[in-house]
Amino acid sequence: MKKKSIAFLASALVTLVLLAGCGGDENTIQFWTPLTGEDGAYMDQLVSDYNDTDPEFPVNHVITSDLYTQIYTVLQSGSGIPDLTLIHADRVPSFANNELLVPMDNILSQQPELNEDNFLEEAWTAGIIDGTQYTVPLDIHGSAMYYNIDLMEEYGVTHWLDDDIVTIDEMLELEGQLEEGQYVVNDALLSWVALGQLQNFGGDVEGPDGEPTINTPEMRQVIDSLRQINEAGLMTPFGEDGYLMFQSGNVLFSTDGTWSRLAHAQVESLNFGITNVYSHSADIFHNRSSAHLFSMLRNEDRTPEKEEGIGEFLEYIREHSIEWAEAGQIVASREVIEDPDYDQFMQSFYTKDERQEESLHIYTYEHYPYVVDAMDSFIADIVHGEMGIEEGLEEMQRFVEDRVDQGNQELEDAADAVEDFADDVD
Amino acid sequence: MNKKKYSQWFFVGPHIILFIAFILIPSIYGIYASFTNWNLMTAPNFVGLENYRTILFNQDSSFHREFFNGMKNTLIFVGVSVPLMVVIPLLIATSIEHKKVKYKNFFQSIVYIPGLISISAAALIWSLIFNSQLGVMNNLFGFDTVWTATQPYAWMTIFIMTVWGGIGGNMIIYRASISSVSQDLYESAEIDGAGAIRKFISITLPSIKFPLIYTVVMTTAGSFNVFGQPLMMTGGGPRESTSVLMMYIRDLAFGSGQSIAGMASAMAVLLGMVLLVISACQYYIMNRNSA
């Protein structure tokens with residue numbers, strides 16, 4: 001009898017544990033983000049503040065570091081699809097073209113303040129595919145260039161910052177004048193720097209027919225200019241941790257992300273500021289950017305009422321996302337960036353005037369993620385002379401083309417299948 | 001009577017269910033996926049042997065280059081790390097089991113504990129040790145090397161980290177096996193005038209043949225699946241010289257762009273076939289020699 005009771009209790013416990021995993025409040029908005037670390041904590045706080053307003057549809061923030069893999073998994077299974085997701089701008093074209101996203105039309109009509117005028121244009125338009133708005137932006141984040149104020153004063157080059165743009169020619173002025181172990185610029189996030197430079201030289205990663213264009217004269221100019229800095233001994237050596245070298249006070253400029261402000265600020269001895277990523281010209285400059293965008297995956301279980309609840313949450317975020325600036329991101333809501341309190345954040349530099357806003361460039365090419373992969377794989381080798389320029393450009397072009405061809409082949413197969421089916425029906 | 005008839009299923013049932021759910025079905029689907037063009041978002045399109053043809057024979061394709069570069073680097077890793085992961089723990093286990101050695105468990109713990117640390121944490125530790133600015137190697141020993149960006153040092157950092165974290169498990173197995181070898185054999189050999197090396201070769205090794213086969217096969221299988229160490233230590237560089245096949249497979253299937261899961265699955269199947277053949281050969285050769 002005793003044994004039976006124990007067995008029954010054990011079974012009941014196991015069943016309870018298993019069923020607990022299947023639960024979920026249907027009035028809760030399941031909100032998935034890839035925001036790990038401090039970013040996740042700031043978003044948790046925003047969500048918590050919203051839930052404290054006692055909304056009809058509270059939000060459950062789920063952080064998943066492998067967001068896109070998780071998305072593919074739930075889309076394949078057809079269950080557990082989140083109500084709201086925060087995705088990167090470069091994912092929008094392929095998600096939209098594969099009909100994975102739901103347009104924001106209903107939400108935009110219910111929340112009139114969620115409109116283009118109330119957000120940074122570059123962030124807002126990143127969510128428009130073929131005239132349809134699929135996303136509402138949270139932020140822009142991307143390349144930034146930090147400078148070591150003390151080191152710039154030591155070398156007498158603070159005037160480089162007068163026009164907010166440091167040119168490559170200015171950097172080359174220090175050739176042969178640096179103390180041993182010191183450098184003008186590091187190679188952190190070099191692929192992003194190169195993609196910003198590509199805009200400066202008038203190039204692009206997408207050709208007129210949607211084909212990838214990496215092996216171009218403009219990209220060659222980009223690499224030539226970066227190599228020029230490296231060959232002058234001004235860039236941190238290949239393989240060295242340039243980010244760390246900047247923090248230890250041995251590099252004038254660090255080209256990393258807007259969010260790095262938090263980490264740099266923790267280095268007590270580092271007296272630093274922020275400016276635009278260097279350019280070959282004082283008149284043209286771009287900071288390669290991305291954006292976190294709210295989006296809704298296609299999900300038949302999402303009710304119109306819940307969609308309305310999502311709209312209310314997005315409107316709350318639009319009004320209150322100054323908290324998000326703490327994470328080092330350029331907040332997309334104009335209401336926030338026009339708030340005087342926002343000026344205390346270093347990244348407000350990038351929205352201080354129209355010229356700065358226009359420098360934030362988000363690539364919206366459908367196959368842009370492949371381009372970044374290729375750049376990440378080869379650009380450091382090419383710039384540091386470990387790989388020839390021609391060879392590197394050809395490899396990058398082939399890398400992207402092969403991946404794009406795979407996707408195109410799949411679309412062609414799908415089209416053939418539809419055609420065959422139509423013929424059979426006829 | 002019925003209870004006895006079905007009682008075995010109570011014990012093997014859970015394992016079979018888990019095996020079917022998490023190993024068998026995914027493996028079969030993975031093999032099917034290797035014959036398709038699939039982006040994980042839409043239904044897979046059957047393309048027959050096209051992915052295999054591209055990977056193996058299309059020399060103009062980046063997938064061909066990546067596969068052979070990844071396979072070459074994986075084989076380098078396996079070829080160097082497996083012997084180290086077998087020989088070093090075997091020597092340590094033999095040394096610890098020597099009757100004059102005291103504090104056996106203490107030494108065993110020192111060797112075993114690194115294996116309990118996650119690869120990510122271990123990689124952070126070793127990255128700092130080999131960091132050219134802050135690291136012990138350069139600052140204490142006066143080297144001036146960027147370890148993770150220069151060959152052959154990049155490989156060395158990976159091997160050191162792998163051996164440091166990987167020998168503990170094998171060492172425990174060898175020690176348990178050696179301790180069960182009858183002392184009478186060693187005493188008889190000593191009477192016959194056998195030295196330490198002769199005893200090791202003629203008594204210890206033949207006595208632990210099954211644990212040896214097991215560890216060699218399992219270590220080889222684990223080494224073929226190497227991923228974390230090169231990813232965290234060198235990022236696959238310099239010039240992709242430490243990019244192993246699993247890194248390419250992962251990037252293709254779950255990289256930042258639209259997934260190329262069909263091609264990734266084909267590479268994974270080819271890797272699995274190589275692993276299967278090598279493991280079978282190892283098992284056959286070692287089993288035959290020890291029979």
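About the thresholds
Residues numbered from 1 in each chain as written. Chains lettered and ligands numbered in written order. Predicted model: local features only at pLDDT ≥ 70, side-chain atom pairs only at ≥ 80, totals over all residues. Heavy atoms only, no water. Helix = DSSP H or I, 4+ residues; strand = E, 2+ residues; numbered from the N terminus. Expected span 1.5 Å × (residues − 1). Polar contact = N/O pair within 3.5 Å; in protein donor to acceptor, adjacent residues only side chain to side chain. Phe/Tyr/Trp six-rings, centres within 6.5 Å; stacked < 30°, edge-to-face > 60°. Buried < 20%, exposed > 50% of the residue type's maximum accessible area, 1.4 Å probe, protein only. Lys NZ or Arg CZ within 6 Å of the ring centre and 35° of its normal. Contact = heavy atoms within 4.5 Å. Buried area = accessible area lost by both parts, 1.4 Å probe. Salt bridge = Lys/Arg side-chain N within 4 Å of Asp/Glu carboxyl O. Pairing = 2+ DSSP bridges. Domains from an automatic or database assignment. Nonpolar A, V, L, I, M, F, W, Y, C, P; charged D, E, K, R; others polar. UniProt positions renumbered as here; feature names shortened; annotations may be inferred. 1 Å grid on protein atoms, 1.4 Å probe; cavity = no way out; pocket = protein on both sides within 12 Å on 5 of 7 lines; lining within 4 Å. Points joined across faces, edges and corners; volume = space filled by probe spheres on them. pLDDT = per-residue confidence, 0-100.

**Topic: helix α3 (residues 62-97) of chain B**
Here α3(B) is 36 residues long and its end C-alpha atoms lie 51 Å apart, about the 52 Å a rise of 1.5 Å per residue gives. The N-cap of α3(B), judged by a side-chain oxygen 3.0 Å from the amide nitrogen of B:Phe63 a few residues on, is B:Ser61.

**Considering the packing of aromatic side chains**
Going through the model one piece at a time under the given rule, you end up with 29 aromatic pairs over all chains. Centroid distance B:Phe35 to B:Phe46: 6.4 Å. Interplanar angle 35 degrees. Geometry classified as tilted. Of this pair, B:Phe35 sits in the loop between α1 (2-33) and β1 (36-37) while B:Phe46 sits in strand β2 (residues 45-46), and the two are 11 residues apart along the sequence. With centroids separated by 5.4 Å and ring planes inclined at 15 degrees, the aromatic side chains of B:Trp155 and B:Phe159 adopt a geometry described as stacked. With B:Trp155 and B:Phe159 both in helix α7 (residues 153-179) and 4 residues apart, this pair spans about one turn of that helix. The pair formed by B:Trp155 and B:Phe159 is uniform in burial state, with each residue classed as buried. Between A:Arg91 and the ring centre of A:Tyr68, over which it is positioned, the NZ or CZ distance is 3.9 Å.

**Some remarks on the interface of chain A and chain B**
Each partner contributes residues to the interface: chain A has 35 residues there, and chain B has 37 residues. Between chain A and chain B, roughly 3100 Å² of surface is buried when both sides are summed, and carbon and sulfur atoms account for 45% of that area. Summed over the shared surface of chain A and chain B, the result is 4 salt bridges. When the shortest N-O distance is used, the salt bridge between B:Glu66 and A:Arg403 registers 2.9 Å. Listing elements by their share of the side of chain A that touches chain B, those giving two or more residues are α3 (67-77), α4 (92-97), α11 (242-247), α17 (368-383) and α18 (389-425) of chain A.

**Thoughts on the side chain of A:Arg334**
Residue and element names in this part refer to chain A. Assignment of secondary structure puts Arg-334 in helix α15 (residues 334-337). For Arg-334, the side chain forms a polar contact with the main-chain oxygen of Phe-119, separated by 3.5 Å. Residue contacts for Arg-334: discarding those within four places in its chain leaves Asp-117, Asn-118, Phe-119, Leu-120, Glu-121 and Glu-357.

**Focus on the pairing of strand β8 (residues 251-257) of chain A**
Residues and elements named next belong to chain A. Counting buried residues in β8 gives 7 out of 7 residues, a clear majority hidden from the surface. Pairing geometry for strand β6 (residues 135-148) and β8, over 5 bridges, is antiparallel. Following the sheet pairing, Tyr-147 is matched in β8 by Phe-253. Judged from the 2 bridges that link them, strand β7 (residues 183-185) and β8 form a sheet pairing that is parallel. Residue pairing in the sheet places Tyr-183 in a bridge with Val-251 of β8.

**Describing the domain arrangement of chain A**
All names here are of chain A. Annotation of chain A at the domain level lists domain 1 (24-141 + 290-362) and domain 2 (143-288 + 365-407). For domain 1 and domain 2, the distance between their C-alpha centroids amounts to 29 Å. With 25 residues of domain 1 at the contact, the number on the domain 2 side is 26 residues. Summed over both partners, the interface of domain 1 with domain 2 buries about 2100 Å², with 55% contributed by carbon and sulfur atoms. Scanning the region where domain 1 abuts domain 2 turns up 1 salt bridge. Put simply, Lys-352 and Asp-164 hold a salt bridge, and the shortest N to O gap is 2.7 Å. For the pair domain 1 and domain 2, the interface holds 11 residue pairs in polar contact (both at pLDDT 80 or more). Looking at the side of domain 1 that touches domain 2, the elements with two or more residues in it are α4, α16 (354-359) and β12 (360-362). Class assignment of the residues belonging to the side of domain 1 that touches domain 2 gives a composition of 9 nonpolar, 10 polar and 6 charged.

**Considerations on the UniProt feature "domain: ABC transmembrane type-1" (unreviewed entry) in chain B**
If you check UniProt for "domain: ABC transmembrane type-1" (unreviewed entry), the listed places come out as residues 71-282 of chain B in our numbering. Structurally, residues 71-282 of chain B is divided into 73% helix and 0% strand, and its ends, taken at the C-alpha atoms, are 19 Å apart.

**Description of the pattern of salt bridges**
When the charged atoms of two side chains lie near each other, side chains of opposite charge can form a pair. All names here are of chain B. Scanning the entire structure with this criterion turns up 16 salt bridges over all chains. Here Arg-175 and Glu-97 are joined by a salt bridge, their closest N and O atoms 2.6 Å apart. Of this pair, Arg-175 sits in helix α7 while Glu-97 is found in helix α3, placing the two residues 78 residues apart along the sequence. In this structure Arg-175 comes out as buried when scored by relative accessible area, which is 12%.

**Here we look at empty space enclosed by the protein**
All chains considered together, the criterion is met by 2 cavities of 30 Å³ or more. Quantified by volume, the second largest cavity comes out at close to 30 Å³. Taken together, A:Ser94, A:Glu366, A:His367, A:Pro369, A:Tyr370, B:Gly257 and B:Gln258 make up the full set of residues lining the second largest cavity. Counted by class, the lining of the second largest cavity contains 2 nonpolar, 4 polar and 1 charged residues.

**Observations regarding the confidence of the model for chain A**
Detailed reading of the predicted model is not advised wherever pLDDT is low. With 90% of its residues at a pLDDT of 70 or more, chain A shows a mean pLDDT of 88. The low-confidence segment residues 13-23 of chain A, where pLDDT is below 50, has 0 contacts with residues more than four positions distant or belonging to other chains.

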